[in-house]
Amino acid sequence: MKVKQLSIFLENQSGRLAEVAGALGSEGINIRALSLADTSGFGILRLIVNDIAKARKVLQDKGFIVKETDVIAVEVPDCPGGLASVLNALAAEKINIEYMYAFVEKSSKDAIVIFRIENIDEGIRALLSKGINVLTAEQVYAL
Amino acid sequence: MIWNKEAECMPVEQRRELQSALLQKTVRRCYEKVPVYRKKFDEAGIKPEDIRSVDDIKYLPFTTREDLIENYPFGMFAVPMEEIVRIHSSSGTTGKPKVVGYTKNDINVWAEVMARTIGCGGAGKNDIVQNAYGYGLFTGGLGIHYGAEKIGATVIPISGGNTKRQIMVMQDFGSTMLACTPSYALYIADTAAEMGVDIRKLPLKYGIFGAEPWTDSLRKEIEEKMGIRATDIYGLSEIIGPGVSSECEVQNGLHVFDDHFLPEVIDPNTLEVLPPNTPGELVFTSLTKEAFPIIRYRTRDLSMLMIDPCPCGRTHFRMGRITGRTDDMLIIRGVNVFPSQIESVLLGVEGIAPHYLIVVDRVDSLDSLEVWVEVSEKVFSDEIKVLEALEKRIEREIESVLGLSVAVRLKEPKTIERSEGKAKRVLDKRPKT
Ligand SMILES: [Zn+2]
């Protein structure tokens, strides 16, 4: 149930993001989800793609610093209180969220939220015990 | 071993008297024999008789590298050519080299101070010195050679290069002291390991290493890999070559053979003489040189003087390791900053690439200091707070070293310009006044 995410170090310079997207696109790699966190000096681009090994190689060959991290993808009911129920499940187990980002999948009514948490196995257990739908890696890559 | 107890352990007051007498003699000699010096002294309004003791040295004008280059090749010699028995020169990487000459007596003095250096390094007449310094116009090879012969040791004049042969000779001849640059020593050690030769088991006991700046961590590495005691030695052709100063077995600074070369440390901006234990630029005055006497030569090397007694018994004052060159010095908000200070902080941060750039600018009439550091895979995290903490940590450490606030900027790999030769470490964007 762990999903592999790529994180890429980017200086805050115009065109860098376009370079990443262009490099992946020309190799036929599809971006499933992304988030960009930035400070005044640099940013961290987080990506979920359909072929992580190939994407990693393409970017490293271009000289980018790339890191692979395990995250979890959770289906969140697209209704008021939907996200709160997921967060409560984690909070009840005192599981800290390092960061999260969300996207809405066009073929379903539900939103998908990506979580990066310290202890991922505990997190998955906590979510499943509350009946929350944690997606498998295959499900996410194939979205 | 102490080669010349009388000179090396002479009471400090007695040596001061000797230095004063020798300084007067040198000043007179320069004034009478070298037109360049006569002109410099006249312009400074100094007559040889104004110099009565070493305390008066501060009135004398400085000699710079430019003076030597302008008077290339023999314009600063103080004796006619027939008295010159040897010529050496520096490599002269930019333009003309610096040429120096020696009389018969100068060669004897050089052998004497090199014998002291080899003694400081641990060796004596029963030792076998493998001299892997280059022979030729460079002063390293012949300097070591004459010193080793003077102390009565056996010299192997193998010169630099041909590393496998160096190791074979070390094994077959039983060399007990190695003399070369520290980086070459490390190369020999690594090559031996690749060949399956355990240098630690060979008779080699001592190494005297110089001609390039090195650190204590490199010393430890050489000492461990070779099973020897590694001693830092210092010299430059303008003063005599190697033999200006040497560490003793205590390894806490290099004893300057100051009955021959008088050291000072100055502030490179104000040119004022600095007290002991204060870092600044090394300045030397030769006290006994005949062919090529030199007055207050600005070496551009940064170090400091230490005058507290050394447990080894030598009374020669000591200089610290060379920490950089004045050529590299920056003045930021009135503070002297050396790239080496920043580099040493960065080297202490695990996973930080050795590529960095110091960017100085002026914002609202105040100097700003940024240090750009390349991020490596090792320190990169997918969490902003981890990278920000890394920036803050480096900033704090640099600030504690420099006493200046600094902004650290993490950069993508390979974005800081690489250079084939000397790395470019500073980008000074301040308007030139
Ligand atoms: Zn000592």
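Just so it is clear, the model here is predicted, and its values are computed rather than measured. (Residues numbered from 1 in each chain as written. Chains lettered and ligands numbered in written order. Predicted model: local features only at pLDDT ≥ 70, side-chain atom pairs only at ≥ 80, totals over all residues. Heavy atoms only, no water.)

Caption draft 1: Region of interest: the overall build of chain A. Of the regular secondary structure elements, chain A holds five helices and six strands. For chain A, the proportion of its 143 residues judged to be buried stands at 46%. (Helix = DSSP H or I, 4+ residues; strand = E, 2+ residues; numbered from the N terminus. Buried < 20%, exposed > 50% of the residue type's maximum accessible area, 1.4 Å probe, protein only.)

Caption draft 2: Structural view of the pattern of salt bridges. This model, assessed by the stated rule, comprises 41 salt bridges over all chains. Here Arg116(A) makes a salt bridge to Glu383(B), at a shortest N to O gap of 3.2 Å. Of the two residues, Arg116(A) is situated in strand E6 (residues 111–117) and Glu383(B) in the loop between strand E19 (366–374) and helix H11 (384–402); the pairing between them involves two chains. For the pair formed by Arg116(A) and Glu383(B), the shared burial category is buried. Note that Arg318(B) and Asp308(B) form a salt bridge whose closest N and O atoms lie 2.8 Å from each other. Taken together, the residues Arg318(B) in strand E14 (residues 318–319) and Asp308(B) in the loop between strand E13 (305–306) and E14 connect sequence positions ten residues apart. Overall, the relative accessible area of 2% leaves Arg318(B) in the buried class. Through salt bridges with shared partners, a single network forms among Glu98(A), Arg116(A), Asp382(B), Glu383(B) and Lys385(B). (Salt bridge = Lys/Arg side-chain N within 4 Å of Asp/Glu carboxyl O.)

Caption draft 3: Region of interest: the coordination of the zinc ion. Residues and elements named next belong to chain B. Here the zinc ion is held by Cys248 (SG), His255 (NE2), Cys310 (SG) and Cys312 (SG), and the distances to it run 2.1 to 2.3 Å. Because the angles between the four donor atoms bound to the zinc ion fall within 102 to 113°, the donor set is best described as tetrahedral. Spacing between the donor residues of the zinc ion along their common chain follows C-x6-H-x54-C-x1-C. One end of the pair, histidine 255, is in strand E9 (residues 254–256); the other, cysteine 310, is in the loop between E13 and E14, with 55 residues separating them in the sequence. The same class applies to histidine 255 as to cysteine 310, namely buried. (Donors = N, O, S within 2.8 Å, 3.2 Å for Na, K, Ca; no water. Tetrahedral: all angles 85-135°; square planar, octahedral: opposite > 155°, others 65-115°.)

Caption draft 4: The confidence of the model for chain B, seen in detail. The predicted model of chain B averages 93 in pLDDT, with 97% of residues at 70 or higher. Note on the complex model: pTM 0.69, ipTM 0.89. (pLDDT = per-residue confidence, 0-100.)

Caption draft 5: The sheet that holds strand E10 (residues 261–266) of chain B, seen in detail. Residues and elements named next belong to chain B. The strand order E10-E11-E12-E15 describes an open sheet built from four strands, whose pairing is antiparallel. Bordering the open sheet on either side are E10 and strand E15 (324–325), each of which pairs with just one other strand. Looking at chain direction, E10 and strand E11 (residues 280–286) are connected through six bridges and run antiparallel. Along E11, the bridge assignment pairs valine 265 with leucine 282. (Pairing = 2+ DSSP bridges.)

Caption draft 6: Local environment of the pairing of E19(B). All names here are of chain B. Here strand E18 (residues 356–363) pairs with E19 via eight bridges, running antiparallel. By the bridge assignment for E19, valine 360 is matched with leucine 369. Between E18 and the antiparallel strand that follows it, E19, lie two residues; aspartate 364 among them carries a positive phi value of about 50°. Here five bridges tie E19 to strand E20 (residues 407–411), and the two strands are oriented parallel to one another. The residue of E20 that forms the bridge with valine 371 is valine 408. In this view, the connection linking E19 to its parallel neighbour E20 by way of H11 has right-handed handedness. (Right-handed = clockwise from strand over helix to strand, strands pointing away.)

Caption draft 7: Representation of the environment of Gly403(B). Along the chain, Gly403(B) turns up in the loop between H11 and E20. Considering only alpha carbons, one finds Gly403(B) and Val337(B), 66 residues apart in sequence, at a separation of 9.8 Å.

Caption draft 8: Expanded view of the pairing of strand E1 (residues 3–11) of chain A. Residues and elements named next belong to chain A. Counting buried positions along E1 gives eight out of nine residues, so the element sits mostly inside the fold. Summarising the sheet, E1 and strand E4 (residues 66–76) pair through six bridges and their orientation is antiparallel. Paired with serine 7 across the bridge in E4 is lysine 67. With six bridges connecting them, E1 and strand E3 (residues 42–49) associate as antiparallel partners. Looking at E3, one finds that glutamate 11 is bridged to phenylalanine 42.

Caption draft 9: Quick peek at helix H9 (residues 216–226) of chain B. Residue and element names in this part refer to chain B. For H9, the complete set of buried residues consists of Leu218, Arg219, Ile222, Glu223 and Met226. For H9, the buried positions fall inside an angular range of 135° around the axis, keeping them on one side. Relative to its buried face, H9 has exposed residues pointing more than 90 degrees away, namely Ser217, Lys220 and Glu224. Close packing links the buried residues of H9 with strand E5 (177–180), helix H8 (182–195), strand E6 (206–209), strand E7 (229–236) and strand E8 (241–247). Positive backbone phi, at 65°, marks glycine 227, one or two positions downstream of H9. (Arc of directions from axis to C-beta. Contact = heavy atoms within 4.5 Å.)

Caption draft 10: Broad picture of the packing of aromatic side chains. Residue and element names in this part refer to chain B. Throughout the structure, instances matching the rule amount to eleven aromatic pairs over all chains. Ring geometry for phenylalanine 77 against phenylalanine 292: centres 6.1 Å apart, planes inclined by 90°, an arrangement best described as edge-to-face. Of this pair, phenylalanine 77 sits in the loop between helix H4 (65–70) and strand E1 (84–89) while phenylalanine 292 is found in the loop between E11 and strand E12 (297–303), placing the two residues 215 residues apart along the sequence. The class of phenylalanine 77 is buried, set by a relative accessible area of 8%. The class for phenylalanine 292 is buried, based on a relative accessible area of 2%. (Phe/Tyr/Trp six-rings, centres within 6.5 Å; stacked < 30°, edge-to-face > 60°.)

Caption draft 11: Broad picture of the nonpolar core. Residues and elements named next belong to chain B. Residues Leu60, Tyr234, Phe284 and Met319 are the most contacted members of the largest nonpolar core, which totals 69 residues. No other element matches helix H5 (residues 104–120), which puts eight residues into this core. Contact partners of tyrosine 234, with chain neighbours within four places excluded, come to Gly241, Pro242, Gly243, Val244, Ser245, Leu254, Leu282, Phe284, Thr299, Asp301, Met319 and Ile322. Ile342, Ile352, Leu387 and Leu410 belong to the second largest nonpolar core, which has 32 residues in total. (Core = buried A, V, L, I, M, F, W, Y, C linked by side-chain atoms within 4.5 Å.)

Caption draft 12: Seen up close, the interface of chain B and chain A. Residue-level contacts link 17 residues of chain B with 24 residues of chain A. Buried area between chain B and chain A, both sides added, is near 1700 Å², and the carbon and sulfur share of it is 56%. Its largest share of buried area at the contact with chain A, chain B owes to Phe380(B), Asp382(B) and Glu412(B), together 43% of the area lost on that side. Between the two partners, chain B and chain A, sit six salt bridges. (Buried area = accessible area lost by both parts, 1.4 Å probe.)

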